[in-house]
Amino acid sequence: ARESALAARTRDHLRSPIICILGHVDTGKTKILDRIRRTNVQDAEAGGITQQIGATYFPIEAVKKEATKIEEGKKLLYNVPSLLIIDTPGHESFTNLRSRGSSLCDIAILVVDIMHGLEPQTRESIDLLKMRKTPFIVALNKIDRMYDWKAQPHNCPTRASLEKQPSHVREEFFRRVKETKLQLAEIGFNTELYWENKDVRKTVSLVPTSAITGEGMPDLLMLLMALPQRLLTERLMFTDVLEATVLEVKVIEGLGTTIDIVLTGGTIHEGDTIMVVGLDGPIVTTIRALLTPHPMKEMRVKGQYLHHKQIKAAQGIKISADGLEKAVAGTQLMVVEDANDEEEMEYVREEVMKDFQTILTSVDRS
Ligand code: GDP
């Protein structure tokens, strides 16, 4: 009881960690997202897991339900409001999406196909993670593809599932894990199966998963919960400073051009004056509507947006406003306190356009 009081107290001050997923093509990034999303569909109906704009909002109670299937998960504090998982897998989103110059992602899932080990884009992804100093875990996906694997139902935790495997399957499993560990060691990363990892600051955790059978999903969620707790509490402290990244610019019937953003810090309000990067220079406009998808419905269903007067970080949000036609995705959004204050306007203009420069350079390079 003491612990849950502590969890409740810190929860008011911590925002949701933002999670990205990257790795080589066909390793199962999209499938893992789908699987996580479909976990506890009944809860989703009751206002649980919701697909947000550009992200999936996984409320803490749903995470807890899965993660406490595992011993380690019972010892954690569930003190963030949710896990916010960015929907666009792949390293384009990881490199281009930034808030204030650093990666939008607090933690990352690097997906490796256990049947293939490290592949060219795995290495690229690792370079990016290294460069941005983003903590990550490795999902060793597709364990069900090992010969003779006996799939266990209901999102079975990995170790429970391993115990049910015949000894030759377990042997193959440990052999493949060892190979991947060696490959990762060759490029400078110490890794361990997460239940053997004694120090997450120095050693990257491996979590065996199957996006098809759901095996290892509780383990994955448990680790996504544990990692920020050990490494990132400070970064997750809620601040009043508004931080937001434009994910996408989209025309929506009845709304005109809208922007989808991830709000990573502060609180944003209907009627706020905002500035975003535009192809022809900064765009200044006023928020007409702050929207999130209706919790009960798929976001693709037209006209099912909920309107909000204000929204607190971290959340995925759709903004409707005039003049967004030339907005540029992947850049930051800022709020202007006083549009008549020339000094402030100049400052915000410079800040916002800094991102445009970095985006242009990264486009030049590729
Ligand atoms: P992405 O390119 O990394 O997003 O990969 P996808 O999620 O599109 O998956 C690529 C292919 O692998 C698809 O045919 C998936 O059905 C399949 N796949 C993904 N995860 C698993 C898994 O855990 N087990 C098996 N057997 N197949 C998987």
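Keep in mind that this is a model prediction, so the values were computed, not measured. (Residues numbered from 1 in each chain as written. Predicted model: local features only at pLDDT ≥ 70, side-chain atom pairs only at ≥ 80, totals over all residues. Heavy atoms only, no water.)

Q: Summarise the site of the ligand; cite the residues concerned and give the values.
A: Asp26, Lys29, Thr30, Asp144 and Ala211 are the nearest of the 15 residues found near the ligand. One of the backbone nitrogen or oxygen atoms of threonine 27 is found 3.3 Å away from an oxygen atom of the ligand. Interatomic distance of 2.8 Å between a side-chain N/O atom of lysine 29 and an oxygen atom of the ligand. Summarising the interface, the protein chains cover 74% of the accessible area of the ligand, which totals 580 Å² for the free molecule. (Near = heavy atom within 4 Å. Polar contact = N/O pair within 3.5 Å; in protein donor to acceptor, adjacent residues only side chain to side chain. Areas by Shrake-Rupley, 256 points an atom, 1.4 Å probe, with all protein chains shown as cover.)

Q: Give a detailed account of the packing of helix H4 (residues 60–67) against helix H10 (residues 217–231), specifying residues and quantitative values.
A: For the pair H4 and H10, the least separation of the axes is 8 Å and the interaxial angle reads 125°. The angle between H4 and H10 falls in the class oblique. Here H4 and H10 pass one another in a crossing that is left-handed. On H10, the residues touching Ile60, Val63, Glu66 and Ala67 of H4 are Pro218, Leu221, Met222 and Met225. For the contact of H4 with H10, the residue count by class is 7 nonpolar, no polar and 1 charged. (Axes fitted to C-alpha atoms, helices over the stretch in contact; angles between N-to-C directions. Helix = DSSP H or I, 4+ residues; strand = E, 2+ residues; numbered from the N terminus. Parallel < 35°, antiparallel > 145°, perpendicular 65-115°, else oblique. Left-handed = near helix turned anticlockwise from the far one by under 90°. Contact = heavy atoms within 4.5 Å. Nonpolar A, V, L, I, M, F, W, Y, C, P; charged D, E, K, R; others polar.)

Q: Tell me about the pairing of strand S12 (residues 256–265), residues and numbers included.
A: Burial within S12 is extensive, with 9 of its 10 residues counted as buried. Relative to S12, strand S11 (residues 243–252) is paired through 9 bridges, and the arrangement is antiparallel. If you follow glutamate 243 over to S12, its bridge partner there is glycine 265. Taking the residues between adjacent antiparallel strands as the criterion, S11 and S12 are bridged by 3 residues, where glycine 254 takes a positive phi near 90°. (Buried < 20%, exposed > 50% of the residue type's maximum accessible area, 1.4 Å probe, protein only. Pairing = 2+ DSSP bridges.)

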